[in-house]
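# Structural characterization, general
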Amino acid sequence: MMWPQSVRTPSLAIASVASLLIGCTQAPPTVVPESAAQSRGADAPARQDATADPKPVLSAKEAFARGWMPLRATGVEDFLKAHPTYDGRGVLIGVLDSGIDPSIPGLLTTTSGERKILDLRDFSGEGVVPLVAVTSAGDEVTIAGRTLRGVSRVRALAAGGALYGGSIAEIPLGEMPASDLNGDRDDSDTLVVLVAHASDGWVLFADTDGDGSLANEKPVHDFLTARETFGWHTGTRAPGLALAVNLRDEKGQPRLDLYFDTSAHGSHVAGIAAGHDIYGVSGFNGVAPGAWLLGLKIANNAQGGISTTGSMLAAISYAMRFAQERRLPLVLNMSFGVGNEGEGQARIDQLIDSVLAAHPDVIFTISAGNDGPGLSTMGFPGSASRALTVGATFPSVFIGASGRGGDPVAYFSSRGGELAKPDIVTPGMAYSTVPRWNVGDERKGGTSMASPHAAGLAALLVSGLAQEKRPVDARQVRQALMVTARPMPTGSYLDDGTGQPDVGAAWRWLAAGRSAPDIAVRSVGNGVTAAFQHRIAGVTADTAQGFQLMLPEGSPEVTVKLRSSAPWLHAPSEARLRPGSTTVTLGYDPATFTRAGLHSAVVTGWTTDSLAGPAFRLVNTIAVADTGGTIGADLGRLPANTEGRLFFKALPSRPFGVAFTTRSAGEQVVAYLHEPGGQPYREENGIGAGYGEEAGLYLVDGRDVVPGFYEAVAVAPPLDSASAIIVVQQSPVTIEASRQAHAVAVTLDNVSADTVASTPFVVLVGAERTVTVAARGGEPQHVRFTLPDWAVHAAVDVNMARGQWPIFTDFGVTMLDGAGRQMGKSPLNYAFGRLHVDLPGRGAGPVEVELFPGLADSAAGQRWSVTVSVRLYADSAHVTRLPGEPVTIAPGASATVFVPMEAPVLSLGDGFVPLGIVVVPELDRTWTREAPLPSPATASTQ
């Protein structure tokens, strides 16, 4: 659930020894957009003061008046005026997310007065409460060390049957205030429950008011049975969180899951899709206020909102059965996504496409992800072919614009490249429903907010089809929203797909009975469903690009006319498609690619019914990179909320810096850096950049360089244009380091055309331990170590083979102290992830890094392995500089410098080796390479 990240200094290790480095430039102050917050599909809960009663960011009445549920942008208001009963009634929207709090005003009833939430199910495993048989003594029972009175009432309901007790601790539930289940403003409690079998099934009792007695407590049934909830509270304060109960019988024994939303993400999403009279304000609705909701929890919120093994597929299967048994049309929404290391290979994409092929009446909307503005950043499972993948716009009501020119595409919205996605874009920010503990964070943004908006649009269309007793075809609904969408004023298909939909126009398209043939597209050789490649400016490359167009067996032949959107992209005038696969070859004009820049265009295929819209789209993108030690691009003046890009190629172990500036004082842009494959720069990405000393700078250490094509992007502010210049300066040498008996061997390879003179030296900054974790299936794994008293900061890298990433839907990384409290967490969005933790400075103690693998398929039991690197950094008082000797290196030559090194001063601990930074001063610049420095004896045994 993704939002743009703020930026720390590009290299924390460099920052910690800045006084020792020659010519090292620090990054500018962090600039975070007002609405930015990091999350897994869109937006994580903002931290709040746990000792204060939170207040709304704005009253619901005022938010309604301001249009903070931006329905007008997609024509919802006009559509419901014309069709007031087509408001989603009769349609079930399944929300696969962090949970839904069922007590929030706005999620209680539909427009026709029916109960809105039909069921709540936990597939994440976060709320599992192990139960054991307990024996009462008189009117008391003891569970997990806590004694409860009033048990005679429970025994009477149980009619002599066995009693079962269980407990849930607050500490493992993550951060305050969400983890404070009983509202006493700490997270140190363990709360107990008692389960008994009554005449109408299993029931739960909890001491919700904390008085030590169950005598005045109501039995709580499984939510599907009675739609009951409960909540712990302290004193007269209302519960901060409503919990539902999932109780089932397994061979006469109860199995208990507590369903709750300690993220607030799912509750917010639900309100956008189908909220009705939000917070009691009449008419303040989500997109489809008449729809029912099905809450399907797939995320372990405490570990960063990660999906757990098999949770997505289990939730989808349950929703399908639930809807079929009740003969309800179904729309699914999943505001979730992680980075695509190998587009077209994700196991979850294959599973989703398979399920949707078997259920052609089910519409599935999925968020595109928040890894923009870089190209080819579309996350899975939004990369599933049959899903409606939704990017985000920035609603004008939130940025003070008139909106007359159309809402701009949000800079954080993930872009296409190897995939012909997103399909559409919808408003990516809204004021919506949140649990009581999250009051004050009603306004959230991200593609997670855009996806439920699209789900609501689909529910409106399905509601109309159902009431008119017309069949529901998910492909036709998807086509209707895409074909009638309004293209955005700036950008390309990579940014916004077909544009922002208008539900009224989509309804008219469906009402006309139009259809388009079912044609699947695959790129040949470059990309997956779109053609995407990097080229070097001026280097001759292939001018032909093939696409396979696949028509289902048994379909009639189709002749399509082809149209190109750009003069450099050539297509045949028409193509005749037969059942099976037909290859169409397009041509590129090589003269277009002699200069660096981005070139993107689309060939569309049209049947004789042109009003039906394109039958397919062949998206072509060429990113032309420049080469050389110093590369610059004057992007000119960027219109408001648009971006300019520079592509360049990096070599392994060759450090570089990227500077972003504006031409005039007072101008500001936001600067982004994307690694090869699209991954946002591994340190936090997105820094403010201005004129002169306010320039933004990324300094990439040699250790962090990923070989391949990088993308630097400058984004103008939402309301103002800005000039932008990007300059990339690469080191003239590649840097390697290894430990000898009493020295560090520093090897420099001159990859420039000039002679390089330098005096390299080494700075010892801490210690590093690297381990390989190999396992099978989804059980958590642990890396334990002792924290030394000198450590002030930790960085944990988790790295797996890129080809392994597609078997997962998620992978959580959390650092815990000896008491089990979270010190930090940072789920992987790609096959590589980094967690930074500022250490408390309490001295030595036990610490563990916990790994939470989330596999797409729980039945497979796949083997997996990761490399975990734990780096501990000392403060400046413990840093040691090791001086080196001068060296001169001719172009194309190499040299090795031996820097004397005795035994390390710091106490390292088991498995740790010294951690150093090789510093190479060169002219007025400084290049670095961080490296572990094990002794030869240690290295030989690892």
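To start, this report covers the structure provided alongside it. All values derive from a computational prediction rather than experimental measurement.

## What to know about the pattern of salt bridges
Two side chains with opposite charge may pair up if their charged atoms get near one another. Counting across every chain of the model gives 41 salt bridges. Here Arg821 ties to Asp187 by a salt bridge, and the two come within 2.9 Å at their closest N and O atoms. Linking Arg821 in the loop between strand 46 (808–817) and strand 47 (822–825) with Asp187 in the loop between strand 7 (163–169) and strand 8 (190–198), this pair joins segments that are 634 residues apart in sequence. Relative accessible area serves as the criterion here: at 32%, Arg821 is assigned to the partly exposed category. Given the relative accessible area of 14%, Asp187 is considered buried. Arg470 is the partner of Glu468 in a salt bridge, and the nearest nitrogen-oxygen pair spans 3.3 Å.

## Quick notes on the pairing of strand 48 (residues 832–838)
Among the seven residues in strand 48, six count as buried, and that is most of the element. Of the strand pairs in this sheet, strand 45 (residues 791–799) and strand 48 are connected by seven bridges, and their pairing is antiparallel. Among the inter-strand pairings, Asn799 is bridged to a residue of strand 48, identified as Phe832.

## Section: helix 8 (residues 347–358)
For helix 8, spanning 12 residues, the distance from its first C-alpha to its last is 17 Å, which sits close to the expected 16 Å at 1.5 Å a residue. For helix 8, every residue scored as buried is listed here: Ile348, Asp349, Leu351, Ile352, Asp353, Val355 and Leu356. Residues of helix 8 that are buried sit in contact with helix 7 (311–326), strand 17 (330–334), strand 18 (363–367) and strand 46.

## Side note on the packing of aromatic side chains
Following the criterion strictly, the structure yields 28 aromatic pairs and no others. Ring geometry for Phe380 against Trp805: centres 6.2 Å apart, planes inclined by 45 degrees, an arrangement best described as tilted. Note that Phe380 is positioned in the loop between strand 18 and strand 19 (388–393) and Trp805 in the loop between strand 45 and strand 46, a separation of 425 residues in sequence. The buried category is assigned to Phe380, whose relative accessible area is 1%. For the ring pair Phe660 and Tyr698, a centre distance of 6.1 Å and an interplane angle of 75 degrees mean the geometry is edge-to-face. On the criterion of sequence distance, the pair formed by Phe660 in strand 34 (residues 656–661) and Tyr698 in strand 37 (residues 696–700) is long-range, its members being 38 residues apart. Across the pair, Tyr698 and Phe660 agree in class, each one buried.

## Describing the packing of helix 10 (residues 447–467) against helix 13 (residues 503–511)
Remark: helix 10 packs on helix 13, axes separated minimally by 10 Å, with the N-to-C direction vectors making an angle of 35 degrees. Here helix 10 and helix 13 pass one another in a crossing that is right-handed. Between helix 10, through Leu457, Leu460, Leu461, Gly464 and Leu465, and helix 13, the contact on the second element is made entirely by Val503, Ala506, Trp507 and Leu510. Across the contact of helix 10 with helix 13, the residue classes tally to eight nonpolar, one polar and no charged.

## Quick look at the pairing of strand 17
The element strand 17 is largely enclosed, with a buried count of five among its five residues. The side-chain alternation of strand 17 yields two buried faces, one formed by Leu330, Leu332 and Met334 and the other by Val331 and Asn333. Sheet topology note: the strand 1 (residues 92–97)/strand 17 ladder contains five bridges and is parallel. Bridging across to strand 17, Leu92 finds its partner in Leu330.

## Observations concerning the nonpolar core
The biggest cluster of nonpolar side chains holds 86 residues, and the ones touching the most others in it are Ile93, Ile100, Phe284, Leu293, Val331, Ile363 and Leu461. Sort the elements by how many residues they give to this core and helix 10 lands first, with 11 residues. In this structure, Leu356, Ala775, Leu835 and Leu839 belong to the second largest nonpolar core, which totals 71 residues.

## With respect to the side chain of Arg415
Relative to the helices and strands, Arg415 is located in the loop between helix 9 (396–399) and strand 20 (424–427). Within the local environment of Arg415, its side chain forms a polar contact with the side chain of Glu643, the two groups lying 3.4 Å apart.

## Section: the sheet that holds strand 33 (residues 643–650)
The strand order across the open sheet built from four strands is 33-38-35-36, with neighbouring strands paired in antiparallel fashion. Each end of this open sheet is capped by a strand with a single partner; those strands are strand 33 and strand 36 (687–689). Pairs of neighbouring strands in the sheet enclose a mean axial angle of 30 degrees, with direction left out of account. The sheet contact formed by strand 35 (residues 669–674) and strand 36 spans three bridges and is antiparallel. Within strand 36, the residue paired with Val670 across the bridge is Gly688.

## Focus: the side chain of Ser311
Its place among the elements puts Ser311 in helix 7. Residue classification places Ser311 among the buried positions, given a relative accessible area of 1%. In terms of polar contacts, Ser311 uses its side chain to reach the backbone carbonyl oxygen of Ile298, at 3.0 Å. Setting aside anything within four residues of it in sequence, one finds Ser311 in contact with Phe123 and Ile298.

## Let's talk about the packing of helix 11 (residues 474–483) against helix 13
One can describe the packing of helix 11 onto helix 13 by two numbers: an axis separation of 8 Å at closest approach and a directional angle of 130 degrees. Judged on the interaxial angle alone, helix 13 and helix 11 are oblique. Two packed elements cross with a definite hand, and for helix 11 against helix 13 that hand is right-handed. Within the contact between the two elements, helix 11 uses Gln476, Val477, Gln479, Ala480, Leu481 and Val483 and helix 13 uses Ala506, Trp509 and Leu510. Looking at side-chain class alone, the contact of helix 11 with helix 13 contains seven nonpolar, two polar and no charged residues.

## Re the sheet that holds strand 31 (residues 616–625)
Taken together, five strands build an open sheet; the order of strands is 24-31-30-26-28 and the sheet is mixed. Two strands lie at the open edges of the sheet, namely strand 24 (531–536) and strand 28 (574–577), each paired on one side alone. Between one strand and the next, the sheet's axes are offset by a mean angle of 25 degrees, whatever the strand orientation. When strand 30 (residues 597–606) meets strand 31, the two strands line up antiparallel, connected through nine bridges. Paired with Val603 across the bridge in strand 31 is Leu618.

## A short note on the environment of Met320
Residue placement: Met320 occurs in helix 7. For the pair Met320 and Leu332, spaced 12 residues apart in the sequence, the C-alpha separation amounts to 9.5 Å.

Parameters and conventions
Residues numbered from 1 in each chain as written. Predicted model: local features only at pLDDT ≥ 70, side-chain atom pairs only at ≥ 80, totals over all residues. Heavy atoms only, no water. Salt bridge = Lys/Arg side-chain N within 4 Å of Asp/Glu carboxyl O. Helix = DSSP H or I, 4+ residues; strand = E, 2+ residues; numbered from the N terminus. Buried < 20%, exposed > 50% of the residue type's maximum accessible area, 1.4 Å probe, protein only. Pairing = 2+ DSSP bridges. Expected span 1.5 Å × (residues − 1). Contact = heavy atoms within 4.5 Å. Phe/Tyr/Trp six-rings, centres within 6.5 Å; stacked < 30°, edge-to-face > 60°. Axes fitted to C-alpha atoms, helices over the stretch in contact; angles between N-to-C directions. Left-handed = near helix turned anticlockwise from the far one by under 90°. Nonpolar A, V, L, I, M, F, W, Y, C, P; charged D, E, K, R; others polar. Core = buried A, V, L, I, M, F, W, Y, C linked by side-chain atoms within 4.5 Å. Polar contact = N/O pair within 3.5 Å; in protein donor to acceptor, adjacent residues only side chain to side chain. Parallel < 35°, antiparallel > 145°, perpendicular 65-115°, else oblique.

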